[in-house]
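Given next are the chains, with one letter for each unit.
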Amino acid sequence: MVNVRRSSLDLSGQWRIQHYEVGERQAMDVAAATLDDRFWIGAAVPGDVHGALIERGIIDPIYFGHNDAKSRWIEQKEWWYRTTFNLDLDTSIEEHFELVFEGLDTFATIYVNGHEAGKTANMLMSHTLDVTRLVRSGWNSIAVRFDPLHLHHNDKETFDWSSYTKERPWLRKAAMNFGWDWGPRIVTVGIWGAVRLERSTIAKLQHVYARTKSLSKEQAQVQVTADVQSVLSFRSRQTRKQADVITCDIRLLDQHGEVVACAVTLPVEQGKADVTLDVVHPRLWWTHDLGDPYLYTLEITLYADDITLDRYCQPYGIRMIELALHNGQGEGRFAFILNGVKIYAKGANWIPADQLIGTIPNSRYRELVELSVEGHMNMLRVWAGGIYEKDVFYDECDRQGVLVWQDFAFANALFPDFNRDFMHNVQQEIENNILRLRNRASLAMWCGNNEIDWLYDMKTASGDITSPFYGEHIYHELIPETLERLDPSRPYWPSSPYGSHDGQDANDPDTGDRHNWQVWHGSVYPRKQGEIPVLDYSIEGVTFKNYKKDHALFSSEFGMHASANRYTLEKNMPAGQFYWGSPEMAYRNKDTNHQKGILLMEGYTGIPRNIEEYMNFSMLTQAEGLRYGIEHFRRINDRNSGALVWQLNDSWPGTSWSMIDYELLPKASFYYAKTFFHPVLLSLEHEPEHPLALWVVNDTLEEIRGQLRLNVYDLHGERFHSSLHEVKVPAQSSIRITSVEEAEVLGNKLAEEVMVELQSEGFPAPINRYFLRDPKEVVLPQSQLSVHVNEEQQSVTVTASGAIARMVKLELPLSRTRFSDNYFDLIPGESRTVTLRHPEMQALPLTELRVYAMNSNKA
């Protein structure tokens, strides 16, 4: 058999870049194949201009101090990229060549050997150009010109509403590039995705679509459709003596490489080959908390007579996903059903992992998804103001068993759906990303936009918007029609939040999903459609205690700020600026009203007096606040089916809602998540001077039996109350085990003088500890910590004495450090051994370790 398979030449790597003023040089002169570019700047592809200039020392690191403001000139220039490559053409056959860019940011003109091959106007999709007649044997050149954005929006209509900037609605570019309430304005430019030259002959596999049609323990049916494109010219097709017989083999292989289902010599008719594979005793893809995210390998080989033309080989998970909007009694629900099992979605919202999207290493994606799994998260929502993420993100979610809620890239603005050219651009973007992502086992749902339907009503009611709902056609017609054609296998939801009844607005807790911004932003609810929105900037208006009033069916956004870790802040701030209230600290906070965080802390911990207290108070407030809300949502899991925190990660070293800061150092809330997102949760429901309700939440597929022990300690660690309660909790349910009067628990102690502990016996669950009053009311005695470092095992053992140690914190001045535990409480006499590791370092600098608690000296 002759092999003339489709091949690919990787053109990523080192290119050269240069900038000009607009109109300074003739484009064809700079694009000329023979241009002398020896004195241009070296730049990595994938990457971007900012990253290249930082690497070469031409601009200062943009996250340090105010350096991002010093780099604004970059977005005003015309930027050029150039590279060369060698090619050996085979003149004995007709070959087809396509130049593929996985990411161009944003208005690019591509030249091959001095000839203009095409233009692009969309950062959020890949671009493919037919360059068959432009490439030649031997040496070739590619040049790419990027226009400054202002050339493409200065003469465009502006709309009533576009959050953070009026320029972006006409630009298909990551919205967060223009600044958001957690990140700065850094308008990137460049080749942010991989580049390759693909060569093929006769025909190629254009698209593959695989979807699970049915499944049971005995058998699954996987339907596979291969779209095949002829790459022969019309003239060649007319002059060939006989037509090639195009066939393909479709195989599903297990992880040992054994074929479990196949169809061979499948005829390709009218550009398609379609087959249903029967898989006996299939191994299903599950989220990591419910089972094994098993991945088969789908392999498709395309033939023309005895010539191998092309091959597709990708992991594939057998699973079915549904979105249930009602339960068996007809009541409203918003629940994901995976392989027939209703799951409780636990996780967070994902923003781009760096402001400089092109520079993000694959390792950063891998580590963030690993941390999500470590924090017992089973779903990540890819937020609409970033990008449709890189393949490596979905690779990791597939592999590690994390579901993905995928927004389309429309966030917080009106968009010109009345404009033909804009809509054609959007149509290409939507199709491109559906075709790229639809085979992903992890992809659970498509969502049309972020907050647009909801905020359009609010801003219209307040008078901020007087125009029609521009963009509505995209989310309610264009996207669902395209999905029906290209991916009917998974649910679609028009917006987030979305759903209303009885005149409520789109953030109705009784329908669809909900964003809770009563907490932090002070939004006043309930609210009817058309009512003027009200904000309550008071301690009572922003407090996280408002979570308990929220009985949402699915909580897809909620959260509050916390400081980044000390190392992350100190690394990125000029000397002398690391103090509470400094201009640099204020610059780290991009939220619209800094008073909200002060009010939240004032009501809970008290107002911080210095940077140490700010880091501690904000982290404790975020951690305890998220625990308060998520434990409430999980206790009502007969109604609420998901809690996605805003937000998982950061795109720069600032103060934000993230649980993991920019240096990939988790905040206190992440370590709390190991308990409040654990599949088995011991939960205390309590308000001052009310009974203590003891709950057990069971997300597993097995019934739980055992005992729940309630321990109560004074602040010096003396246990003065202990009781044992029988536990029997069915699978995937929550039960209030018992209720105990506060006075019975306290005895002769004051409520602000005790700590409560819930402990399981006979079934595995993490211990959960609570104080019965807010931190500002609890006067903690001084605690002493002793620390033992084991360098050989890279571990640290911390022991408390004298008093309960509140929020014991381990700090190492090193990014990406993993602590097995951190930000925990210790009872006197109790020891905790924490292991440390790093993705790339065998031995960590433990001599630089600092350990202390809120009520102890550094040890």
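A.B. asks: Which parts of the structure should I look at to understand the overall build of the protein?
C.D. replies: When you go through the protein residue by residue, the secondary structure sums to 16 helices and 47 strands. Whereas a compact globule of 859 residues would reach a radius of gyration of roughly 29 Å, the protein reaches 29 Å, a difference of no more than 12%. Judged by the C-alpha coordinates and their principal axes, the protein covers about 100 × 65 × 65 Å. By residue count, 63% of the 859 residues in the protein fall in the buried class. Here the analysis covers contacts within the protein between residues at least 6 apart in sequence; of these, 72% occur between residues at least 24 apart. Accessible area for the protein stands at about 32500 Å²; split by element, carbon and sulfur atoms hold 48% of it.

A.B. asks: What is the right way to look at the sheet that holds strand 10 (residues 127-130) in this model?
C.D. replies: Adjacent strands of a sheet pair through backbone hydrogen bonds, lying either parallel or antiparallel. A sheet is described by the order of its strands in space; here 4 strands give the open sequence 2-15-6-10, paired in antiparallel fashion. The sheet terminates laterally at strand 2 (7-10) and strand 10, the two strands that pair on one side only. Strand-to-strand, the axes of this sheet are offset by a mean angle of 25°, without reference to chain direction. Relative to strand 10, strand 6 (residues 96-101) runs antiparallel, the two being bridged by 4 bridges. Note that in strand 10 the partner of glutamate 98 across the bridge is aspartate 130.

A.B. asks: Please explain the environment of leucine 701 as it appears in this structure.
C.D. replies: Within the secondary structure layout, leucine 701 lies in the loop between strand 35 (692-698) and strand 36 (704-714). Each C-alpha atom of the pair leucine 701 and tyrosine 525 lies 36 Å from the other, and the pair is 176 residues apart in sequence. Excluding residues within four positions of it along the chain, leucine 701 makes contact with Leu290, Val341, Ala731 and Gln732.

A.B. asks: So what exactly am I meant to see when it comes to the state of the cysteines here?
C.D. replies: One covalent bond between the sulfur atoms of two cysteine residues makes up a disulfide. Enumeration according to the criterion identifies 0 disulfides in this entry. Note on cysteine 262: no disulfide assigned, nearest cysteine sulfur contributed by cysteine 248 at a separation of 12 Å. Judged by its relative accessible area of 44%, cysteine 262 falls in the partly exposed class. For cysteine 447, which is in no disulfide, the shortest distance to another cysteine sulfur is to cysteine 397 and amounts to 17 Å.

A.B. asks: Would you take a moment to explain unusual backbone geometry for this structure?
C.D. replies: It is generally the case that most residues other than glycine have a negative phi and that most peptide bonds are trans. A cis amide bond links valine 45 to the next residue, proline 46, at an omega of 5°. Mapped onto the fold, proline 46 is located in the loop between strand 4 (41-45) and helix 2 (49-55). Between tyrosine 525 and proline 526 the backbone carries a cis peptide bond, its omega angle lying at 10°. Mapped onto the secondary structure, proline 526 falls in the loop between strand 31 (514-515) and helix 10 (539-542). The residue glutamate 451 is not glycine, and still its phi comes out positive at about 65°. The topology assignment puts glutamate 451 in the loop between strand 29 (443-447) and helix 8 (452-462). Judged by its relative accessible area of 9%, glutamate 451 is buried. Even without being a glycine, aspartate 502 presents a positive backbone phi close to 55°. As for its position among the elements, aspartate 502 is in the loop between strand 30 (492-493) and strand 31.

A.B. asks: In this structure, what is going on with the packing of helix 5 (residues 362-374) against helix 6 (residues 391-400)? I would like to understand it.
C.D. replies: Two elements in contact, helix 5 and helix 6, have axes separated by 9 Å at closest approach and are oriented at 35°. Here the hand of the crossing between helix 5 and helix 6 comes out right-handed. Facing Asn362, Tyr365, Arg366, Val369, Glu370 and Val373 of helix 5, the residues of helix 6 in contact are Val392, Phe393, Glu396, Cys397, Arg399 and Gln400. Residue classes in the contact of helix 5 with helix 6 are distributed as 6 nonpolar, 2 polar and 4 charged.

A.B. asks: I would appreciate a short explanation of the pattern of salt bridges in the present structure.
C.D. replies: The tally for this structure, following the rule as stated, stands at 64 salt bridges. Put simply, arginine 38 and aspartate 36 hold a salt bridge, and the shortest N to O gap is 2.7 Å. Put simply, Glu370, Glu374, Lys674, Arg818 and Arg837 are held in one network by salt bridges that share partners.

A.B. asks: Teacher, can you tell me more about the packing of aromatic side chains here?
C.D. replies: Each aromatic ring pair is described using two quantities: the centre-to-centre distance and the angle formed by the ring planes. The tally for this structure, following the rule as stated, stands at 45 aromatic pairs. Ring centres 6.1 Å apart and planes at 90° place the aromatic pair phenylalanine 334 and phenylalanine 336 in the edge-to-face group. Phenylalanine 334 sits in the buried class, given a relative accessible area of 0%. Given the relative accessible area of 0%, phenylalanine 336 is considered buried. Taking the centre distance of 4.5 Å and the plane angle of 20° together, the rings of tryptophan 580 and tyrosine 614 count as stacked.

A.B. asks: What am I meant to see in the nonpolar core here?
C.D. replies: Across soluble globular proteins, you tend to see nonpolar side chains buried next to one another. Judged by nonpolar contacts, the single largest core of 121 residues is most densely connected at Phe393, Phe408, Phe410, Ile474, Val808, Leu810 and Leu836. Among the elements that take part in this core, helix 14 (residues 611-635) stands out by supplying 7 residues, more than any other. In contact with leucine 810, not counting residues within four places along its chain, are Val796, Phe819, Asn822, Phe824, Val834, Leu849, Arg850 and Val851. Listed in part, the 56 residues of the second largest apolar core include Val222, Leu232, Leu298 and Cys447.

A.B. asks: Just checking my understanding: could you explain the pairing of strand 4 for this structure?
C.D. replies: Regular strands have side chains that alternate between both faces of the sheet. Within strand 4, 4 of the 5 residues are buried, which leaves the element mostly enclosed by the surrounding structure. Taken together, the 5 bridges between strand 3 (residues 13-20) and strand 4 define a ladder with antiparallel strand orientation. From the neighbouring strand, tryptophan 15 faces strand 4, where its bridge partner is alanine 43.

A.B. asks: Looking at this model, I keep getting lost on the environment of proline 488. Mind explaining?
C.D. replies: In this fold, proline 488 is placed in the loop between helix 9 (472-486) and strand 30. Taking relative accessible area as the criterion, proline 488 reaches 58% and is therefore assigned exposed. As a C-alpha pair, proline 488 and arginine 211 span 277 residues in sequence and 9.4 Å in three-dimensional space. Residue contacts for proline 488: discarding those within four places in its chain leaves Tyr209 and Leu483.

A.B. asks: Where do I start with the side chain of aspartate 147 in this structure?
C.D. replies: Its place among the elements puts aspartate 147 in the loop between strand 11 (138-146) and strand 12 (178-180). Once residues within four sequence positions are removed from consideration, aspartate 147 is found in contact with Phe107 and His152.

A.B. asks: Explain the pairing of strand 29 to me, please; I cannot follow it from the model alone.
C.D. replies: By the criterion of burial, strand 29 is predominantly enclosed, with 5 of the 5 residues buried. Relative to strand 29, strand 28 (residues 403-407) runs parallel, the two being bridged by 4 bridges. Bridging from a neighbouring strand, glutamine 406 pairs with tryptophan 446 of strand 29. Running through helix 7 (residues 420-437), the crossover from strand 28 to the neighbouring parallel element strand 29 is right-handed. Pairing geometry for strand 29 and strand 30, over 2 bridges, is parallel. Residue cysteine 447 lies in a different strand from strand 30, and its bridge partner there is tryptophan 493.

A.B. asks: Got a minute to help me understand helix 9 in this structure?
C.D. replies: An α-helix turns once every 3.6 residues. As a result, residues three or four positions apart point the same way. With 15 residues, helix 9 extends 21 Å between its outermost C-alpha atoms, agreeing within 8% with the 21 Å of an ideal straight helix rising 1.5 Å per residue. By the largest-angle criterion, leucine 478 marks the main kink of helix 9, which is about 30°, and a proline, proline 480, follows within four residues. On its buried face, helix 9 sits against strand 16 (203-215), helix 7, strand 29, helix 8 and strand 30.

A.B. asks: Even after reading the chapter, I still don't get the sheet that holds strand 44 (residues 818-819), so can you show me in this structure?
C.D. replies: Spatially, 41-42-46-44 is the arrangement adopted by the 4 strands of the open sheet, whose pairing is antiparallel. Looking at which strands have only one partner, the edges of the open sheet turn out to be strand 41 (784-790) and strand 44. Across 7 bridges, strand 41 lies against strand 42 (residues 795-801) in antiparallel orientation. Note that in strand 42 the partner of valine 789 across the bridge is valine 796.

A.B. asks: How should helix 5 be read in this particular structure?
C.D. replies: The terminal C-alpha atoms of helix 5 lie 18 Å apart, and with 13 residues this matches the ideal 18 Å at 1.5 Å per residue to within 8%. Burial in helix 5 covers these residues: Ser363, Arg364, Tyr365, Glu367, Leu368, Val369, Leu371 and Ser372. Contact partners of the buried residues in helix 5: strand 26 (345-350), strand 27 (379-382), helix 6, helix 15 (668-676) and strand 44. Downstream of helix 5 by a residue or two, histidine 376 has a phi angle that is positive, lying close to 65°.

Conventions used here
- Residues numbered from 1 in each chain as written.
- Predicted model: local features only at pLDDT ≥ 70, side-chain atom pairs only at ≥ 80, totals over all residues.
- Heavy atoms only, no water.
- Helix = DSSP H or I, 4+ residues; strand = E, 2+ residues; numbered from the N terminus.
- Rg over C-alpha atoms; globule rule 2.2 N^0.38 Å.
- Buried < 20%, exposed > 50% of the residue type's maximum accessible area, 1.4 Å probe, protein only.
- Contact = heavy atoms within 4.5 Å.
- Areas by Shrake-Rupley, 256 points an atom, 1.4 Å probe, with all protein chains shown as cover.
- Pairing = 2+ DSSP bridges.
- Axes fitted to C-alpha atoms, helices over the stretch in contact; angles between N-to-C directions.
- Disulfide = S-S within 2.5 Å.
- Left-handed = near helix turned anticlockwise from the far one by under 90°.
- Nonpolar A, V, L, I, M, F, W, Y, C, P; charged D, E, K, R; others polar.
- Salt bridge = Lys/Arg side-chain N within 4 Å of Asp/Glu carboxyl O.
- Phe/Tyr/Trp six-rings, centres within 6.5 Å; stacked < 30°, edge-to-face > 60°.
- Core = buried A, V, L, I, M, F, W, Y, C linked by side-chain atoms within 4.5 Å.
- Right-handed = clockwise from strand over helix to strand, strands pointing away.
- Expected span 1.5 Å × (residues − 1).
- Bend = angle between axes of the 7 residues up to and from the residue.

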